[in-house]
Amino acid sequence: QVAAPPAMPVAQAPSREAAPPPAPVQVLQRQAAALRRAPQPQMADPDMPDAFAGLSRADAIAILDEAISAKRYELFLQPIVTLPQRKVRSYQASVRLRTAEGQVLLAEDYRALADDAGLMPGLDAEVVGRCIQIVRRLTARNRDVSLVCDVSGSALADATFATELIASLEASRAIAGSLVLGFDQTALREMTALDVETLRMLSDKGFRFAMDGVRDLRIEPRDLADKGVRLIKVPAPLMIARAGDTGASIHVADLAGLFARYGIDLVVEGVETESVVVDLLDYDVKLAQGALFSPPRPVRAEVMSAADPAATPVAVSAPAAPRVRTEQREPRQPAAPQTLGAAALAAGAVGREPSRKPGVSQGLRALIRDRS
């Protein structure tokens, strides 16, 4: 019996083993690449003003840029009065922006953000032009009234804006004594030598400057006077705070006299109660501003859109016709003002004691809208 030959080994089919899982680093790299391709959601900035709560900084800047580009802004006027007489001495101009959704933005809501984003030169150029227009109307028959118009420090540092500002004010030298350009305390402290030279150039042409946005009373009046500052606006809470809280090296009761020695007027702003007025009188403060005297009032649309009044001749009224005596006469209607400037100074809007509680004067009603 023949033995069977040994069986040949059968070739085993290659088994298909599962591929090893990718390394965790590769997974993370693919996920990161996908995230980079996807649009990133904007995170809300917790340091944003309340008006932009829940928005990112980029979104807030886009809203401001759109509002400024569309020229959706309103100009408001608030009087600065003398104490204790409460006669109108000048006006403070302020700007409120309106978003596409109709939200109103106050200066404290948008100014710092727009300044950092480089949007203020465009807005300031518009506002200064309007302020020049309003000053011409206010001073049509009275040279004593003045208007404070705020300008940002970044706008003054902008070469294009500074050049246009000088040219515009050069053409308006007739109102140089009545237009006061206001700068923030921080902006004045951080001005470069070129910015100071711009101020001196404007000062030589007769224009004056104001310092507002005061956060402390570490103020050197000699330095400000050299820059052409003739008005300092101090918030009422800072003025009546304890000396240690103000940063002042002297008592606040001596500030008005110190500033006066350098030709600078002190204005206390944000006055809302009569008790504050009593304190200010004790400190020999001569000028004040606040809701107690009058809230900011919006300038009428026809004033904002009117042509330059310097190019418009003032109409001369015709002689009045003789009155005819009748049995029953119709109530006499007040004649419409021929110019807004004449109306603004009618009934002693500036320099005359108001016959009723301080507030909106008769003449100022020609320039502003009454929303009360």
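This structure is a prediction, so every number in the text was calculated from the model and none was measured.

Draft legend 1. Just the overall build of the protein chain, in detail. Of regular secondary structure, the protein chain possesses 15 helices and 10 strands. Looking at the protein chain alone, contacts between residues at least 24 apart form 68% of all its contacts between residues at least 6 apart. Of the roughly 21,500 Å² of accessible surface on the protein chain, 53% is carried by carbon and sulfur atoms.

Draft legend 2. Examining the pairing of strand β7 (residues 229-235) more closely. Counting buried positions along β7 yields five of seven residues, so the element is predominantly enclosed. Two strands pair when backbone bridges link them, and strand β6 (residues 208-212) and β7 are joined in this way by three bridges, in the parallel orientation. By the bridge assignment for β7, Ala210 is matched with Leu231. In the classification by handedness, the crossover that spans β6, the intervening helix α9 (residues 221-226) and the parallel β7 is right-handed. Pairing geometry for β7 and strand β8 (residues 265-269), over five bridges, is parallel. Its bridge partner being in β8, Pro235 is matched across the sheet by Glu269.

Draft legend 3. Structural context of the pattern of salt bridges. Inspection of the entire model under this criterion finds 14 salt bridges. Here Asp116 ties to Arg57 by a salt bridge, and the two come within 3.5 Å at their closest N and O atoms. A residue pair is termed long-range when its members are at least 10 positions apart, and Asp116 in helix α3 (residues 107-116) and Arg57 in helix α2 (residues 57-69) qualify at 59 residues. Asp116 gets classed as exposed once you look at its relative accessible area, which sits at 60%.

Draft legend 4. How the structure looks around the layout of surface pockets. Size it by volume and the largest pocket reaches roughly 1,200 Å³. In this structure, the largest pocket is lined by 38 residues; those nearest its centre are Ala107, Glu108, Arg111, Asp150 and Asp212. Only β2 (88-98), α3, α4 (120-138), α5 (153-157), β5 (179-184) and α7 (185-189) provide two or more residues apiece to the lining of the largest pocket. Examining the composition of the lining of the largest pocket, we find that seven residues originate from one element, α3, more than from any other. Taken together, the residues that form the lining of the largest pocket break down as 12 nonpolar, 12 polar and 14 charged.

Draft legend 5. The arrangement of the nonpolar core in detail. Core analysis: the biggest nonpolar cluster contains 82 residues, and Ile232, Met239 and Val271 have the highest contact counts within it. When residues in this core are grouped by element, the largest group, nine residues, is from α4. Not counting the four nearest positions on each side in its chain, Val271 is found in contact with Ala236, Val276, Val277, Leu280, Ala288, Gln289, Gly290, Ala291, Leu292 and Phe293. Val148, Val180, Ala210 and Leu287 belong to the second-largest nonpolar core, a separate cluster that totals seven residues.

Draft legend 6. Main features of the pairing of β2. Where strand β1 (residues 73-82) and β2 come together, nine bridges link them in antiparallel fashion. In the strand pairing of β2, Gln78 is matched with Gln92. Once β1 ends, the chain turns through five residues before running back antiparallel as β2, passing Arg86 with a positive phi of about 65°. Inspection of the sheet shows β2 paired to strand β4 (residues 147-150) by three bridges, in the parallel sense. Residue Gln92 lies in a different strand from β4, and its bridge partner there is Val148. Across two bridges, β2 lies against strand β3 (residues 104-105) in antiparallel orientation. Pairing of Leu97 across the sheet is with Leu105, part of β3. Linking two consecutive strands that pair antiparallel, namely β2 and β3, is a turn of five residues; a positive phi of about 95° is found at Gly102 within it.

Draft legend 7. Spotlight on the packing of α4 against helix α6 (residues 159-170). Axis separation between α4 and α6 bottoms out at 11 Å; the angle between their running directions is 5°. The angle between α4 and α6 places the two elements in the roughly parallel class. When α4 is examined against α6, the residues Pro121, Asp124, Ala125, Val128 and Ile132 are found in contact with a partner set consisting of Phe161, Leu165, Ser168 and Leu169. Residues of the contact of α4 with α6, tallied by class, amount to seven nonpolar, one polar and one charged.

Draft legend 8. Local environment of the packing of aromatic side chains. Following the criterion strictly, the structure yields one aromatic pair and no others. Sitting over the face of the ring of Phe76, Arg96 holds its NZ or CZ atom 3.9 Å from the ring centroid.

Parameters and conventions
- Residues numbered from 1 in each chain as written.
- Predicted model: local features only at pLDDT ≥ 70, side-chain atom pairs only at ≥ 80, totals over all residues.
- Heavy atoms only, no water.
- Helix = DSSP H or I, 4+ residues; strand = E, 2+ residues; numbered from the N terminus.
- Contact = heavy atoms within 4.5 Å.
- Areas by Shrake-Rupley, 256 points an atom, 1.4 Å probe, with all protein chains shown as cover.
- Buried < 20%, exposed > 50% of the residue type's maximum accessible area, 1.4 Å probe, protein only.
- Pairing = 2+ DSSP bridges.
- Right-handed = clockwise from strand over helix to strand, strands pointing away.
- Salt bridge = Lys/Arg side-chain N within 4 Å of Asp/Glu carboxyl O.
- 1 Å grid on protein atoms, 1.4 Å probe; cavity = no way out; pocket = protein on both sides within 12 Å on 5 of 7 lines; lining within 4 Å.
- Points joined across faces, edges and corners; volume = space filled by probe spheres on them.
- Nonpolar A, V, L, I, M, F, W, Y, C, P; charged D, E, K, R; others polar.
- Core = buried A, V, L, I, M, F, W, Y, C linked by side-chain atoms within 4.5 Å.
- Axes fitted to C-alpha atoms, helices over the stretch in contact; angles between N-to-C directions.
- Parallel < 35°, antiparallel > 145°, perpendicular 65-115°, else oblique.
- Phe/Tyr/Trp six-rings, centres within 6.5 Å; stacked < 30°, edge-to-face > 60°.
- Lys NZ or Arg CZ within 6 Å of the ring centre and 35° of its normal.

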